[in-house]
Amino acid sequence: EEMANNGQYMYEMVTPTSFTLKTGTPGELYGFRVVAVPQNEALADIASSYSEPLYCYVTLPTPKLTGIKLSAEGKPQLSWDSTGVSGQVWVIYRSTSKNGKYEEIGYCTDPNGCIDMSAVKGKTYYYKIAVVYGDSISPLSNFKYIKSK
């Protein structure tokens, strides 16, 4: 088994039938090729041909929107769980209905959450978030909703 990392292949011994990538950078493309080698050291120079390469990206986990409340200004204040993705950029999506179209309204770099200062008084808003890491973006989170005051 080999792993491609920025065009470089590294050997990693694995079980005869499976492999799990335990570390990887979200957004990075990894390539895998398989070669069968005998377990008998006397035959160590004998190996099969390499398989065709298989490629996959390491994806980001889906973020979790953990809370929503009104700020002192009566604006929606979102909070989320940044475990494992702190220091990244969160993209804020908003809709005026649960199953409506969620539109991107801004970015936030605070790992704890942010306030939607563009919310209009008296309107109910539904929010989702995504996390940006390098060139990759996570799936959208669960939703939370609140009425601005």
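Along every chain, residues carry numbers that run from 1 in the direction the sequence is written. Confidence filtering applies because this is a predicted model: local features only for residues at pLDDT of at least 70, side-chain atom pairs given and counted only at 80 or more, and all residues used for totals across whole chains, interfaces and linings. To obtain the side-chain values, all non-hydrogen atoms of the structure were included, while hydrogens and water were left out.

Caption draft 1: Representation of the environment of A72. Tracing the backbone through its elements, the reader meets A72 in the loop between β5 (64-70) and β6 (76-81). Burial classes follow relative accessibility: with a 1.4 Å probe on protein chains only, a residue under 20% of its type's maximum area counts as buried, one over 50% as exposed, and anything between as partly exposed. Overall, A72 belongs to the exposed group, its relative accessible area being 87%. Considering only alpha carbons, one finds A72 and K149, 77 residues apart in sequence, at a separation of 9.9 Å. Secondary structure elements follow DSSP: runs of H or I no shorter than four residues count as helices, runs of E no shorter than two count as strands, and numbering proceeds from the N terminus.

Caption draft 2: Focus on the nonpolar core. The biggest cluster of nonpolar side chains holds 14 residues, and the ones touching the most others in it are L65, L78, W80, I92, Y127 and I129. Elements that contribute at least two residues to this core include exactly β6, β7 (89-95) and β10 (124-133). For this core, the element with the most residues is β10, which contributes four residues. Note on contacts: a residue pair qualifies if any of its non-hydrogen atoms lie within 4.5 Å across the two residues. Setting aside residues up to four positions removed in sequence, L78 forms contacts with L65, G67, I68, I92, N112, G113, C114 and Y127. We define a nonpolar core as any set of buried Ala, Val, Leu, Ile, Met, Phe, Trp, Tyr and Cys residues linked to one another through side-chain atoms lying within 4.5 Å. The next biggest cluster of nonpolar side chains, apart from the first, holds five residues, and it includes V91, Y93, Y126 and A130.

Caption draft 3: Structural view of the packing of aromatic side chains. When two rings of Phe, Tyr or Trp (its six-membered ring) have centres within 6.5 Å they constitute a pair, described as stacked for plane angles under 30 degrees, edge-to-face for angles over 60, and tilted for the intermediate range. Throughout the structure, instances matching the rule amount to four aromatic pairs. Note on W80 and W90: the rings are 5.5 Å apart at their centroids and 25° apart in plane angle, and the pair reads as stacked. Of this pair, W80 sits in strand β6 while W90 sits in strand β7, placing them 10 residues apart in sequence. Taking the centre distance of 6.0 Å and the plane angle of 45° together, the rings of Y126 and F143 count as tilted. Residue Y126 is found in strand β10, and its partner F143 is found in the loop between β11 (136-137) and β12 (144-147); the two are separated by 17 residues along the sequence. For Y126, a relative accessible area of 15% translates into the label buried. When its relative accessible area of 29% is taken as the criterion, F143 is described as partly exposed. Pairwise contacts between aromatic rings join Y126, F143 and Y145 into one cluster. Stacked on the ring of Y102, the Lys or Arg K128 has its end atom at 4.6 Å from the ring centre. We call a charge positioned over a ring when the NZ of a Lys or the CZ of an Arg lies within 6 Å of the ring centre and within 35 degrees of the ring normal.

Caption draft 4: Layout of the environment of V89. You can see V89 is positioned in strand β7. The class for V89 is partly exposed, based on a relative accessible area of 28%. It is 5.8 Å that separates the C-alpha atoms of V89 and C108, two residues lying 19 residues apart in sequence.

Caption draft 5: Examining the side chain of S71 more closely. With respect to the element layout, S71 can be found in the loop between β5 and β6. By relative accessible area, which is 9% here, S71 ends up buried. Within the structure, S71 has its side chain in polar contact with the side chain of E73 (distance 2.8 Å). Dropping the residues within four chain positions of it, S71 is found in contact with Q77 and I115. Whenever a nitrogen or oxygen atom comes within 3.5 Å of another N or O atom, the pair is scored as a polar contact, on the condition that within protein one atom can donate a hydrogen and the other can accept it, and that pairs from neighbouring residues in sequence are kept only if both atoms are in side chains.

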